[in-house]
Amino acid sequence: MITTQQILAVVAAIARRIESEKDFLTQLDNEIGDGDHGINLARGFKSVMEKLPTLTDKDIGAILKGVGTQLVSTVGGASGPLYGTAFMKAGNVCKGKSELTDEDFAAALQAAVGGVQMRGKAVEGEKTMLDALCPALKALKLGLDDGKTLTAALTDAVNAAANGVEYTKTIIATKGRASYLKERSLGHQDPGATSSLYMLQTTLEVLRGA
Ligand code: ADP
Ligand code: MG
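The present account deals with the structure reproduced in this document. Everything numeric in this text was worked out from a predicted model, so none of it was measured. (Residues numbered from 1 in each chain as written. Chains lettered and ligands numbered in written order. Predicted model: local features only at pLDDT ≥ 70, side-chain atom pairs only at ≥ 80, totals over all residues. Heavy atoms only, no water.)

### So, the overall build of the chain
Our working definition: Strands here are runs of E lasting at least two residues and helices are runs of H or I lasting at least four, both read from the DSSP assignment and numbered beginning at the N terminus. In this description the radius of gyration comes from C-alpha coordinates, and the expected globular size is given by 2.2 Å times residues to the power 0.38. Exposure is judged per residue with a 1.4 Å probe applied to protein chains only, and the accessible area is read against the type maximum: over 50% gives exposed, under 20% gives buried, and values in between give partly exposed. Contact criterion: two residues are considered in contact whenever any of their non-hydrogen atoms come within 4.5 Å of each other. When charges are counted, Lys and Arg are positive and Asp and Glu negative, with His and the chain ends excluded. Note on charges: their place is set at NZ of Lys, CZ of Arg, CG of Asp or CD of Glu.
The number of helices and strands found in the chain is nine helices and two strands. Along the chain, from the amino end to the carboxyl end, the secondary structure elements read β-α-α-α-α-α-β-α-α-α-α. The globule rule puts the C-alpha radius of gyration for 210 residues at 17 Å, and the 16 Å found for the chain is close to it. Principal-axis analysis of the C-alpha atoms places the extent of the chain at approximately 45 × 40 × 30 Å. Every one of the 210 residues in the chain was classed for burial, and the buried ones make up 53%. Taking the contacts inside the chain whose residues are at least 6 apart along the sequence as the reference set, 67% of them involve residues at least 24 apart. Put simply, the chain has 23 plus and 24 minus side-chain charges, and the middle of one group is 6 Å from the middle of the other.

Here it is as structure tokens:
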């Protein structure tokens, strides 16, 4: 079972990780975008951390929803509404829950990824965060279906997301700002896929108790 405390710890750890990777994410976005991805996300998660104390007595659904609304209103760019929607959709699935089963966790990730797809109208292979998120979701579900523990299945998911990030180097962007570059986007790793990988890695570290 995943507890409310663990979810709060995941959010805080993601905020720290995004802050520490801010410059690298911004550098990636400099290569194929407008160089604001790390700055945008770090600003958003800083404001999430300011809001988090008001959410500590809430259920997991309300916490994730609060994170999402905060991201929507502070991150901006393409990734703000996308990550904001992801957290809000995950929050809907966890509504009223103070503990999550492995299945709840998978359902929350599924809703998050579905939210990104709905909002951004992108599919896998367009050099976006979905190239990390979709393979990760698939691997998580496969692992759980195979009877793996959540941390084992999430390890598979993180590996799949890391492969997805590598894959973004080999494809041309057809969504978002990077699509303006056409074939010049080749060879560059997608910033959003990279930040998605960091969020998944951080979630695993916290749930594993590292
Ligand atoms: P902006 O491009 O508006 O400056 P950011 O730099 O914060 O926004 O985020 C860029 C990232 O957003 C990209 O690297 C990509 O992963 C993601 N992205 C852009 N458009 C879409 C979309 N339609 N669907 C999914 N992800 C997208
Ligand atoms: Mg940008």
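Now that the structure is up, let's keep going.
### So, empty space enclosed by the protein
A water-sized probe rolled over the atoms picks out the places where empty space is left. Filter applied, for reference: Definitions used throughout: a 1 Å grid over protein atoms alone; a cavity as a set of points that fits a 1.4 Å probe which cannot get out; a pocket as an open set with protein on both sides within 12 Å along at least five of seven lines; a lining residue as one with an atom within 4 Å of a point. Grid points are joined across faces, edges and corners, and a volume is the space filled by probe spheres set on the points.
For the coordinates displayed, the defined rule picks out one cavity of 30 Å³ or more. Here the largest cavity is characterised by a volume of approximately 410 Å³. Lining the largest cavity are 21 residues, and of these Phe87, Ala90, Leu109, Ala112 and Thr203 lie nearest its centre. Contributions of two or more residues to the lining of the largest cavity are made by helix H1 (4-20), helix H5 (79-93), helix H6 (102-120) and helix H9 (191-208). Per-element accounting of the lining of the largest cavity gives the leading share, six residues, to H6.

### Let's talk about the site of ligand 1
For the record, the criterion: The near set for a molecule or strand comprises every residue that places at least one heavy atom within 4 Å of it. Contacts described as polar in this section are N or O atom pairs within 3.5 Å, which, within protein, must combine one atom able to donate a hydrogen with one able to accept it, while residues neighboring in sequence count only if both atoms come from side chains. Method for areas: the Shrake-Rupley scheme with a 1.4 Å probe, in which residue coverage is limited to the protein chains shown. Placement in a cavity or pocket follows one criterion, namely that more than half of the molecule's atoms lie within 2 Å of its grid points.
Of all residues adjacent to ligand 1, which total 20 residues, the nearest are Asp34, Ala78, Ser79, Gly120 and Asp190. Contacts to ligand 1 include His37, whose side-chain N or O atom sits 3.0 Å from an oxygen atom. In this structure, Ala78 approaches ligand 1 through a main-chain N or O atom, which is 2.8 Å from an oxygen atom. Surface burial for ligand 1 is 93%, taken as the share of its 570 Å² of free accessible area covered by protein chains. The pocket occupied by ligand 1, as judged from atoms lying within 2 Å of grid points, is the largest pocket.

### Quick word on the environment of Thr101
Among the secondary structure elements, Thr101 is positioned in the loop between strand E2 (99-100) and H6. Note on Thr101: relative accessible area 26%, which makes it partly exposed. For the pair Thr101 and Leu71, spaced 30 residues apart in sequence, the C-alpha separation works out to 25 Å.

### A look at the packing of H5 against H6
We count it as follows: Lines fitted to C-alpha atoms define the axes, with helix axes restricted to the stretch in contact, and inter-axis angles between N-to-C directions lie between 0 and 180 degrees. In this scheme the crossing of two helices becomes right-handed for a clockwise turn of the near helix relative to the far one and left-handed for an anticlockwise turn of less than a right angle. Each residue gets one label: Ala, Val, Leu, Ile, Met, Phe, Trp, Tyr, Cys and Pro are nonpolar, Asp, Glu, Lys and Arg are charged, and the others, such as Gly, are polar.
Packing of H5 against H6 leaves a shortest axis separation of 7 Å and a crossing angle of 145 degrees. Considering the relative orientation of H5 and H6, their crossing is right-handed. Between H5 and H6, the contacting residues are Pro81, Leu82, Thr85, Ala86, Lys89, Ala90 and Val93 on the first element and Asp104, Ala107, Ala108, Ala111, Ala112, Gly115, Val116, Met118, Arg119 and Gly120 on the second. Of the residues in the contact of H5 with H6, the class split is 11 nonpolar, three polar and three charged.

### Digging into the layout of surface pockets
The volume enclosed by the largest pocket comes to roughly 510 Å³. In terms of lining, the largest pocket is formed by 25 residues, of which the most central are Ala78, Ser79, Leu82, Gly176 and Arg177. Within the residue set of the lining of the largest pocket, elements represented by two or more residues are helix H2 (22-32), helix H3 (37-51), H5, H6 and H9. Looking at the lining of the largest pocket residue by residue, the class counts come to nine nonpolar, nine polar and seven charged.

### Regarding the state of the cysteines
Keep this limit in mind: Any two cysteine sulfur atoms within 2.5 Å of one another count as a disulfide.
Inspection of every chain in the model, using the stated rule, returns zero disulfides. Here Cys94 stays unpaired: no disulfide links it, and the sulfur of Cys134, its closest cysteine neighbor, is 19 Å away. When its relative accessible area of 0% is taken as the criterion, Cys94 is described as buried.

### Looking at the coordination of the magnesium ion (ligand 2)
Using the following cut-off: Any nitrogen, oxygen or sulfur atom within 2.8 Å of a metal ion counts as a donor, with the limit raised to 3.2 Å for Na, K and Ca, and since water is left out, coordination shells can look unfinished.
The protein atoms that coordinate the magnesium ion (ligand 2) are Asp29 (OD), Asp34 (OD) and Asp36 (OD), at distances spanning 2.0 to 2.2 Å. Counting residues between consecutive donors of the magnesium ion (ligand 2) along the chain gives the motif D-x4-D-x1-D. We classify Asp29 as buried; its relative accessible area is 9%.

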